[in-house]
2 protein chains.
Amino acid sequence: MSRETTYNFAAGPAVLPEEALKTAAAEMLDFNGSGMSVMEMSHRSAIYQSIFDETKANLKKALAVPDTHEVLFLQGGASAQFSMVPLNLMGENGTADYVITGNFSGIACKEARKFGTVNVAADTSDCNHTRIPKQEELKLTPDARYFHYCANNTVFGTEWHYVPDVGDVPLVADMSSDILTQPVDISRYGIIYAGAQKNMAPAGVTVVIIRKELAGHELPFTPLIMSYKTMIDKDSMYNTPPCYTIYMLGLVLKWLEKQGGIAAMSELRKERSGLLYDYLDNSRLFHGCAEKDARSYMNVTFTTGDKEKDTEFCKAATAAGFLNVKGHRLVGGMRASVYNAQPMKAVQALVDFMKEYEAKNG
Amino acid sequence: MSRETTYNFAAGPAVLPEEALKTAAAEMLDFNGSGMSVMEMSHRSAIYQSIFDETKANLKKALAVPDTHEVLFLQGGASAQFSMVPLNLMGENGTADYVITGNFSGIACKEARKFGTVNVAADTSDCNHTRIPKQEELKLTPDARYFHYCANNTVFGTEWHYVPDVGDVPLVADMSSDILTQPVDISRYGIIYAGAQKNMAPAGVTVVIIRKELAGHELPFTPLIMSYKTMIDKDSMYNTPPCYTIYMLGLVLKWLEKQGGIAAMSELRKERSGLLYDYLDNSRLFHGCAEKDARSYMNVTFTTGDKEKDTEFCKAATAAGFLNVKGHRLVGGMRASVYNAQPMKAVQALVDFMKEYEAKNG
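Remember, predicted model here, so these are calculated numbers, not experimental data.

Here the focus is the overall build of chain A. Helices and strands together make up the secondary structure of chain A, namely 9 helices and 14 strands. For 362 residues, the compact-globule estimate of 2.2 N^0.38 gives 21 Å, and the C-alpha radius of gyration of chain A, at 21 Å, lies within 12% of that figure. Seen along its three principal axes, the alpha-carbon backbone of chain A occupies a region of about 60 × 55 × 30 Å. Of all 362 residues assigned to chain A, the portion counted as buried reaches 64%. Of the contacts formed within chain A by residues at least 6 apart in sequence, a portion of 67% connects residues at least 24 apart. Total accessible area on chain A is roughly 13,400 Å²; 50% of this is exposed by carbon and sulfur atoms.

This paragraph deals with the interface of chain A and chain B. Taken together, the contact pairs 63 residues of chain A with 63 residues of chain B. Regarding the contact of chain A and chain B, the summed buried area is about 4,600 Å², with carbon and sulfur atoms giving 63% of it. Per-residue buried area on chain A facing chain B is highest for A:L29, A:M39 and A:E40; these three make up 15% of the total on that side. Applying the counting criterion to the chain A and chain B interface returns 2 salt bridges. Across the salt bridge formed by A:E40 and B:R3, the nearest N and O atoms sit 2.7 Å from each other. Between the two partners, chain A and chain B, sit 19 residue pairs in polar contact (both at pLDDT 80 or more). Breaking the side of chain A that touches chain B down by element, the ones donating at least two residues are helix 1 (18–26), helix 3 (77–89), helix 4 (103–112) and helix 6 (243–259) of chain A.

With that settled, consider the pattern of salt bridges. Residue and element names in this part refer to chain A. Within this structure, the stated rule accounts for 28 salt bridges over all chains. Across the salt bridge formed by K229 and D233, the nearest N and O atoms sit 2.7 Å from each other. Residue K229 and its partner D233 are both found in helix 5 (residues 228–233); the two are separated by 4 residues, about one turn of the helix. Of the residues examined, D233 reaches a relative accessible area of 52% and is grouped as exposed. Residues D281 and K292 are paired through a salt bridge, measuring 3.8 Å at the closest nitrogen-oxygen approach. You can see D281 sitting in helix 7 (residues 261–282) and its partner K292 sitting in the loop between strand 11 (287–288) and strand 12 (299–303), a full 11 residues away along the chain. K292 sits in the exposed class, given a relative accessible area of 59%.

Residue and element names in this part refer to chain A. With respect to the element layout, T304 can be found in the loop between strand 12 and helix 8 (307–319). Looking at T304, its side chain comes within polar contact range of the main-chain oxygen of D306, at 3.0 Å. At 2.7 Å, the side chain of T304 forms a polar contact with the side chain of D310. Beyond its immediate sequence surroundings of up to four residues, T304 is in contact with L285, F286, H287, K309, D310 and M334.

With that out of the way, let us pick up helix 6 (residues 243–259) of chain B. All names here are of chain B. Between its first and last C-alpha atoms helix 6 spans 25 Å; for 17 residues at 1.5 Å apiece the expected length is 24 Å, and the two agree. For helix 6, the buried fraction is high: 13 of the 17 residues fall into the buried class. Positive phi appears at G260, one or two residues downstream of helix 6, with a value of about 110°.

Core analysis: the largest hydrophobic core is formed by 130 residues, its most contacted members being A:M28, A:Y244, B:M28 and B:Y244. Those residues within four positions of B:Y244 in sequence are excluded, and the remaining contacts are A:M28, A:M39, A:Y244, B:A24, B:M28, B:V38 and B:M39.

The subject of this paragraph is the sheet that holds strand 11 (residues 287–288) of chain B. Residue and element names in this part refer to chain B. Overall, antiparallel pairing links the 3 strands, which are arranged 11-12-14 in an open sheet. Sheet topology places strand 11 and strand 14 (334–337) at the edges, where each strand pairs with a single neighbour. When strand 11 meets strand 12 (residues 299–303), the two strands line up antiparallel, connected through 2 bridges. Across the sheet, H287 pairs through a bridge with T303, a residue of strand 12. Of the strands in this sheet, strand 11, strand 12 and strand 14 are in contact with helix 7 (residues 261–282), which crosses strand 12 at around 20°.

This part covers the sheet that holds strand 5 (residues 147–150) of chain B. Residue and element names in this part refer to chain B. Taking strand neighbours across the sheet as the criterion, the 7 strands line up as 2-10-9-8-5-3-4 in an open arrangement whose pairing is mixed. The open sheet terminates on both sides in strands that have one partner only, identified here as strand 2 (69–74) and strand 4 (117–123). Within the sheet, the average angular offset between the axes of one strand and its neighbour, ignoring direction, is 15°. Sheet topology places strand 9 (residues 191–195) next to strand 10 (residues 206–211); 5 bridges connect them, and they run antiparallel. Its bridge partner being in strand 10, I192 is matched across the sheet by I209. Across the sheet, helix 2 (residues 46–63) touches strand 2 and strand 10, and the angle it forms with strand 2 is around 130°. Here helix 4 (residues 103–112) sits on the sheet in contact with strand 3 (95–100), strand 4 and strand 5, set at roughly 160° to strand 3.

Screw-axis analysis of chain A against chain B gives a translation of 0.0 Å along the axis, an RMSD of 0.0 Å, and a rotation angle of 180°. With respect to symmetry, the two chain copies, as superposed, fit the operation of a two-fold axis. Rotation axis and chain A: the residue whose C-alpha lies nearest the axis is A:A25, separated from it by 2.2 Å. A symmetric contact is evident, with 100% of the interface residues of chain A recurring at the interface of chain B.

The subject of this paragraph is unusual backbone geometry. Residue and element names in this part refer to chain A. Residue P13 follows G12 across a cis peptide bond; omega there is -5°. Structurally, the position occupied by P13 is in the loop between strand 1 (7–8) and helix 1. Phi angles above zero are rare outside glycine, and N93 is one such case at about 55°. For N93, a relative accessible area of 76% gives the class exposed. Phi at H129 is positive, roughly 60°, even though this residue is not glycine. Checked against the element boundaries, H129 lands in the loop between strand 4 (117–123) and strand 5 (147–150).

Residues and elements named next belong to chain A. By the secondary structure assignment, V300 is in strand 12. Along the backbone, V300 and G327 are 27 residues apart, and their C-alpha atoms lie at a distance of 9.6 Å. Apart from residues no more than four positions distant in its own chain, V300 is found in contact with S273, L276, Y277, L280, M334, R335, A336 and V338.

Another aspect to go through is the pairing of strand 2 of chain B. Residues and elements named next belong to chain B. Of all the 6 residues making up strand 2, 6 are buried; the element is thus mostly covered by neighbouring parts of the structure. Side chains of strand 2 alternate between two faces, with H69, V71 and F73 and E70, L72 and L74 buried alike. Bridge count between strand 2 and strand 10: 6 bridges; the pairing is antiparallel. Directly across from L72, in strand 10, lies its bridge partner V208.

Each regular strand displays side chains that alternate between the two surfaces of the sheet. All names here are of chain A. Burial of the side chains of strand 8 (residues 171–174) extends over both faces: L171 and A173 are buried on one face and V172 and D174 on the other. As paired strands, strand 5 and strand 8 are joined by 4 bridges and run parallel to one another. When the sheet's bridge partners are listed, C150 is paired in strand 8 with D174.

Thresholds, definitions, all that
Residues numbered from 1 in each chain as written. Chains lettered and ligands numbered in written order. Predicted model: local features only at pLDDT ≥ 70, side-chain atom pairs only at ≥ 80, totals over all residues. Heavy atoms only, no water. Helix = DSSP H or I, 4+ residues; strand = E, 2+ residues; numbered from the N terminus. Rg over C-alpha atoms; globule rule 2.2 N^0.38 Å. Buried < 20%, exposed > 50% of the residue type's maximum accessible area, 1.4 Å probe, protein only. Contact = heavy atoms within 4.5 Å. Areas by Shrake-Rupley, 256 points an atom, 1.4 Å probe, with all protein chains shown as cover. Buried area = accessible area lost by both parts, 1.4 Å probe. Salt bridge = Lys/Arg side-chain N within 4 Å of Asp/Glu carboxyl O. Polar contact = N/O pair within 3.5 Å; in protein donor to acceptor, adjacent residues only side chain to side chain. Expected span 1.5 Å × (residues − 1). Core = buried A, V, L, I, M, F, W, Y, C linked by side-chain atoms within 4.5 Å. Pairing = 2+ DSSP bridges. Axes fitted to C-alpha atoms, helices over the stretch in contact; angles between N-to-C directions. Least-squares fit on C-alpha atoms with pLDDT ≥ 70 in both.

Laid out in structure tokens, this is it:
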């Protein structure tokens, strides 16, 4: 196999822009005449600081982050944020609202119970998370310390198509799988966090965007690197950051800007997922797993409705070069993840393959 | 500047084996005919699992890790371990022994106070950490939950040349800056941890070697990704690991084995640092900062004894291509870090430059 004969639909880590990979390869032994790989640079050196600063500035620009908010580059993925959010925002004897719409929001909710009282504002477990709750369904705690939801559910293939209105309660969103794919009014959020490995970079860096005034109220047993205040005060360099992964994020952001930024991505996500959903809605063999109004632009989950047929299709797809199309074990079936860096031709090729497969096996 | 005209003496992130960088560059767009960069691989895929397993097996082999111990690949650097060790080992109302021999052991000690009682078994602050305490100086707590020390002090240029005897108390060592540089009897340790960015890989992965029976006793407010038990049970894949950095560690380990492994590194560290120390002991311009019997094989700290002269030397050295030789602000002067991947010719070039500089400015 080669890059030309394969299509990678992994849910994350996922396909990256080829341009970013080519630059990384070309600069691997010597970045810009420095005599060093970016991997070898002291994080306290002027040359690395310039890479860090440029990446941060480009991310702030791409997402139009206002001055009320700070951008942090942390480690530990979204899973670390499941603890870090309550450790910093729950306070003594606090209550927080959580919506459970899938696997990761459920884990986040469970973790928060270690640190305070949790109110489940809505839970779509009863329909195996095929839908997103409506605003009027949300049972809000008036004085909640924060409200937490997962904007896109990678496992189940659903996505929130509105921003929950929670009044003055700080809104906290896990945007691991849809950050940088649509315009977001950052000012409405207390905290947005996202593991990088879907739309931003290889695994190993977590982007946190935090309204600065929320920091500094952590519980007394908060681990030192889990204090947002420490990381804000030290501009994410309290300790050695994941330097090279941040550099890779910088390369992806440069590529993103050339493509037309988030505005262009917002259109492309509809085209990519639309190709698949349109086909699924007309297929006699396959159908989508999520309810239509809750469908994710990022993770298209589908099935034949028959376990054996799903397994057969996955086998045939893999043999034909369509990698990582097997669905998550909690849903079964198939999943095609179509993040920002997924070329349209890959999506078209998958649809063509599915049509052909249906003609033969439908 | 280029790789041929520069010598990188950074304390970490630091110089990596050129062979590892070349392989990484060559495999960047397509690993082994998979059609994917390692950066793009699902951490749940068979192909990534094989990279992970091979790296772990090679690390266990290089360090002769016994079956009583598990090797983990975590995130957050040594700083995360400063919290994770007490969270998992301190227990309710526990006491732990800490030795303060430098900057990071001091931070680790301070952090542990959040989670229990800390006994400072020894502290070399009074001489600005130029020495390492002797065994008979250690004030041990008989029923301590663990004993913590930092095996090599990157900032001050000192290194423990013996393993503390603490009886049956679990021995915990921060080996961030000297892991893989000498044979270690792992069975004597409860936990060894090390950030990768000095002798192992780029920043972004932390190696933890833990005696398995120590896991599973974490305090109730331990963040879920900070439970050793969780990570042992999930073989470091509770959540997405820093996949690419682990792959880079794998490339460095392959290089290490070709060089003759730890046995060869143990000899080379003496040659490298010896070149510098021998010169320093005979110089009229420069002298080493650490006491002779406590000198680090990894970080050679030295000074002229005069701040202005030190600044002038750093400037001249940088202009001549010797990068990152400025000492840490807590010590001043200069520091040449000579980890496993530091070529001997770089050390020789620095000594030659210093001799020449002394002849002109001595």
